[in-house]
Amino acid sequence: MATGKTESFMERKRKLRQSFLSQFPGRLALARDLLAQLAPGDDHAERLKQLHLIFHTIKGSGASFGFESINAPARAAEQALRETLDSNGQVTAPLLDELTRRLDALAGLDLNLDTPNGHDHGPGFIIAPRQTSDAYPGERRQRLIYLCDDDPILVQELATQLSCFGYRVTPFVTLDALREAVAVEPPSTIIMDVIFPEGQHAGPAAIAELSTRLSQTIPTVFISSHDDFSARLRAVQVGGSAYCPKPVKAVEMAEILDQLTNRAPPEPFHILIVDDDPDMAQFHAMALEESGMIARVVTEPEQVPAVLESFDADLVLMDLYMPNCSGVELAQVLRQIPGYLSLPIIYVSSETNVDRQFKALEVGADGFLTKPLEPERLVTEVHLRAERMRTLRSLMIRDSLTGLFNHNTILQLLEVAMASGRRSQSPICLAMLDVDRFKTVNDTYGHPAGDQVLMALARTLRLRLREVDLVGRYGGEEFAVVLVGLDSEQAKGVIDSLRTSFAAVTFFADGIEFRCTFSAGVAGFPEFTNASALTEAADRALYRAKHAGRNRVEIAHEEPDTPSGINAVPDTHDSEGAGNGA
Amino acid sequence: MRILIVDDDPLAGEMTQAILEEAGHDCLFAANGLEALEHLADETPFELLVSDLHMPLLSGLELFREIREQGLDLPFVLLTGDDPEPLRAQTPGLAACLMKDDSLETDLPRLIAQL
């Protein structure tokens, strides 16, 4: 096969022009965002400089790629910004007006790939506004995945393994074959190699081309043997959703695909709005709710701690100036309550003095939004921060290998579930699961294979159980599952069917196939009245299952196990020294 | 010729790279001035540097002064989106200062052939 330099210069230029065209609306949108953050009277040199750079770059690359009609509006905007920056840096209404007009002019250009030089002017169509990032692509098609890599062995292996996870994977070894297939039936996700014989970044380039042609983006996961920044950057630039360095683990890929073809839309963000002006508060609440978030308004700062106890806020939006208790003071109060140490707080105020803004942030707030506030901007800012906080929080409470709740969290959640079971007088079951002969798996096939088993079991549990059930990695190769509303017999039935499916999964390590099983013990509330009794009972039942030959589920009963014969002391718990750090 | 290209706009940079590779040169791309300085410390020396003028952090001119201060005397070609004339006059040490538009496709290889 040829080594990358087969592409002719003209072809390469054409592709670059195409990339420029596909990035152009994004660049304009960025400028528009920045522009929306400026108000007359501001002297926000940093933003002005950013805007200047955007127009400058648009002008420069527009010229490089022969789109002459870009020049005039971009140059005019650039110059206006330069003049402002060179004089006093004061934003004026005429400046904003001019920039807006220039942006509109740029957005209205009919840029066409096939008109090499000039003659591409005249407003023909308006470039469609970018979709907001939180719009879910609605219901996904079935789980059809296209996998494209020029390595036929890798393609075949990965496709086979992914099909074990319930995905319909069609493999391709050339970009052309993929292009054709996408034209016939677009998949729900594409898994794409970065390097092809056509070039170092031929994978991302093909995706860019596909999305311009389809006028929609197919979620793409890039895989590459190069884990360097430029390849990652290129992948992000063409809208890649994830990047996996090779060798690609099927389980990890399945995780990513699960997220992209997501089963259930994520829980909406909960936002608490604190403002003494009820109209303003309602206005903000409306904007947020319109975008799918859940907003709660409080007009008296002193009520905030009490409201937060029942309203699980992802973020607090607070007015800076309120009578009796200012936003700054309220932020300080919240920061002194341990549970709210990491709760994101954003001030909303017409304060434009940077020093005073900074002082207000010093007490531990996370951001500052200046009134008047465009609803779109409010939504974007809030969404961004709330999402980042959720990710951080999930890192704290989740086990890094399996993504399940960690030991402490699952125990806390068990307490909470039991409290609510007590209130509603409904049963709860705890099942303890332990992978059989896990140490042997690690010893025989290596730790990576062991990890694969743990991840696969974690995944089976999460996918097969209901949303209300809680799944945690209790330690090593032991998992804890809290089943809500089921009695022990029903729980045993559920776990038993999971056991059967898990036993049927084939794992691969260095080409060798193997299978794994697990044993489980189930204990139920109200039979066992508190969390520690329940855990102990489930553990005892698990030991019994192990002794009775493994690969089975046992139910714990009120009486402490009077051993029915052979072994009084459970001793063959498989976990000893198994590693795979929990 | 082994050439280092510096441009904060990856597309424009790749265009420059395409032009030079077409002319048979061996190119490396740096996305900003700092990255360029790192590459210049590579074991294999570069014979020419082609840099964009307007970049955040370190402008093309600053990069030029910096490498001269470090005692490197490789030829330096500056690309700009604006009128190159004042820059040429103002910065004598430059091998060339070229306008960044579609004339680059012919001007840049021709210039380098003459160096």
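Residues numbered from 1 in each chain as written. Chains lettered and ligands numbered in written order. Predicted model: local features only at pLDDT ≥ 70, side-chain atom pairs only at ≥ 80, totals over all residues. Heavy atoms only, no water.

A. Highlighting the pattern of salt bridges. Taken as a whole and judged by the stated rule, the model has 31 salt bridges over all chains. With a shortest N-O distance of 3.8 Å, A:Arg82 and A:Asp86 are connected by a salt bridge. One end of the pair is A:Arg82 and the other is A:Asp86, both in helix H3 (residues 71–86) and four residues apart, which spans about a single turn. Note that B:Arg2 is salt-bridged to B:Asp42, the shortest N-O span being 3.9 Å. With B:Arg2 in strand E1 (residues 2–6) and B:Asp42 in the loop between helix H2 (33–40) and strand E3 (48–52), this residue pair connects regions lying 40 residues apart in the sequence. Of the residues examined, B:Arg2 reaches a relative accessible area of 17% and is grouped as buried. When its relative accessible area of 32% is taken as the criterion, B:Asp42 is described as partly exposed. (Salt bridge = Lys/Arg side-chain N within 4 Å of Asp/Glu carboxyl O. Helix = DSSP H or I, 4+ residues; strand = E, 2+ residues; numbered from the N terminus. Buried < 20%, exposed > 50% of the residue type's maximum accessible area, 1.4 Å probe, protein only.)

B. Quick peek at the environment of A:Arg459. Relative to the elements of secondary structure, A:Arg459 occurs in helix H17 (residues 447–464). The sequence separation of A:Arg459 and A:Gly403 amounts to 56 residues, and the corresponding C-alpha distance is 8.9 Å.

C. A look at the packing of helix H2 (residues 45–64) of chain A against helix H4 (residues 93–107) of chain A. Residue and element names in this part refer to chain A. The contact between H2 and H4 brings their axes to 13 Å, and the two run at 30°. Regarding the angle of H2 to H4, the classification is roughly parallel. In this structure, the crossing between H2 and H4 has a hand that is left-handed. Every residue of H4 that contacts H2 at Leu48, Leu51 and Phe55 is listed here: Leu95, Leu99, Leu103 and Leu106. Per-class residue counts for the contact of H2 with H4 are seven nonpolar, no polar and no charged. (Axes fitted to C-alpha atoms, helices over the stretch in contact; angles between N-to-C directions. Parallel < 35°, antiparallel > 145°, perpendicular 65-115°, else oblique. Left-handed = near helix turned anticlockwise from the far one by under 90°. Contact = heavy atoms within 4.5 Å. Nonpolar A, V, L, I, M, F, W, Y, C, P; charged D, E, K, R; others polar.)

D. Structural view of the UniProt feature "modified residue: Phosphohistidine" (unreviewed entry) in chain A. As annotated in UniProt, the feature "modified residue: Phosphohistidine" (unreviewed entry) corresponds to A:His56 in the numbering used here. For A:His56, the position within the fold is in helix H2. With sequence-adjacent residues up to four places away left out, A:His56 is seen in contact with A:Glu78, B:His54 and B:Asp82. (UniProt positions renumbered as here; feature names shortened; annotations may be inferred.)

E. Examining the sheet that holds strand E6 (residues 270–274) of chain A more closely. All names here are of chain A. Reading across from one edge, E7-E6-E8-E9-E10 is the order of the five strands in this open sheet, with parallel pairing throughout. Only two strands of the sheet have a single partner each, and these edge strands are strand E7 (294–298) and strand E10 (367–370). Adjacent strand axes in the sheet meet at a mean angle of 20°, parallel and antiparallel pairs treated alike. Pairing between strand E9 (residues 345–349) and E10: four bridges, direction parallel. Bridge pairing in E10 places Tyr347 opposite Phe368. Along the sheet, helix H12 (residues 327–335) contacts E6, strand E8 (315–319) and E9; its crossing angle with E9, the most-contacted strand, is approximately 170°. (Pairing = 2+ DSSP bridges.)

F. Region of interest: unusual backbone geometry. Residues and elements named next belong to chain A. In this chain, Lys246 is followed by Pro247 through a cis amide linkage whose omega measures 0°. Secondary-structure assignment places Pro247 in the loop between strand E5 (242–245) and helix H9 (250–260). A cis amide bond links Phe525 to the next residue, Pro526, at an omega of 15°. Structurally, the position occupied by Pro526 is in the loop between strand E16 (518–525) and helix H19 (531–547). Positive phi is not limited to glycine here, since Asn324 has a value of about 70°.

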